[in-house]
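# Overview (structure and organization)
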Amino acid sequence: MYEAIGADFVQRAIARFYVLAFEDGILAHFFFGKDREEITRQQVDFAGAMLGGPVKYRGKPLAAAHRGLAIRGPHFGRRQVLMREVLDELGLAAELADAWMAREEALRPLIVNA
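Residues numbered from 1 in each chain as written. Predicted model: local features only at pLDDT ≥ 70, side-chain atom pairs only at ≥ 80, totals over all residues. Heavy atoms only, no water.

## Quick word on the packing of aromatic side chains
Put simply, the rule reads: Note on aromatic pairs: the rings of Phe, Tyr and Trp (six-membered ring only in Trp) are paired at centre separations within 6.5 Å, and the planes decide the class, stacked below 30 degrees, edge-to-face beyond 60, tilted for the rest. For the purposes of this entry, the term helix denotes a DSSP run of H or I that reaches at least four residues, the term strand denotes a run of E that reaches at least two, and both are numbered from the N terminus. Partly exposed residues are those whose accessible area sits between 20% and 50% of the maximum for their type, while under 20% is buried and over 50% is exposed, using a 1.4 Å probe and protein chains only.
This structure, assessed with the given rule, holds five aromatic pairs. Ring geometry for Tyr18 against Phe31: centres 5.8 Å apart, planes inclined by 90 degrees, an arrangement best described as edge-to-face. With Tyr18 in helix H2 (residues 7–23) and Phe31 in the loop between H2 and helix H3 (36–50), this pair connects stretches of sequence that are 13 residues apart. With respect to class, Tyr18 is no different from Phe31; both count as buried. Summarising the aromatic geometry, the rings of Phe46 and Tyr57 are spaced 5.1 Å apart at their centres and angled 80 degrees between planes, so their arrangement reads as edge-to-face. Residue Phe46 is located in helix H3, and its partner Tyr57 is located in the loop between H3 and helix H4 (62–66); the two are separated by eleven residues in the primary sequence. In this structure Phe46 comes out as buried when scored by relative accessible area, which is 16%. Using a relative accessible area of 24% as the deciding quantity, one classes Tyr57 as partly exposed. Taken together through their ring pairs, the aromatic side chains of Phe17, Tyr18, Phe22 and Phe31 make up a single cluster.

These results come straight from atomic positions and should not be treated as a statement about function.
Written out as structure tokens, the structure reads:
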């Protein structure tokens, strides 16, 4: 899937997503005091690996990274809405966007912890 989407698209999508997430009324509080550029770099690597690319993610395991953040289902749902909007805005083909979103949805149990 990574090859079909392309490294440049992954970079642009993740960067755009975090611009929106840092400003979002439901999600922004999770990012207070955080470095958006650093999070974006880590998440580009994570997304690349998640999508089957040759990229190596070197951050914390998902459950450990999100532990203590009190992320509830509606927070994750909002995250998914924003990401889908970004994929659509940037013109990713629907079948690739659906597959990307399905891979992210499978991570819900590792992220939602409240």
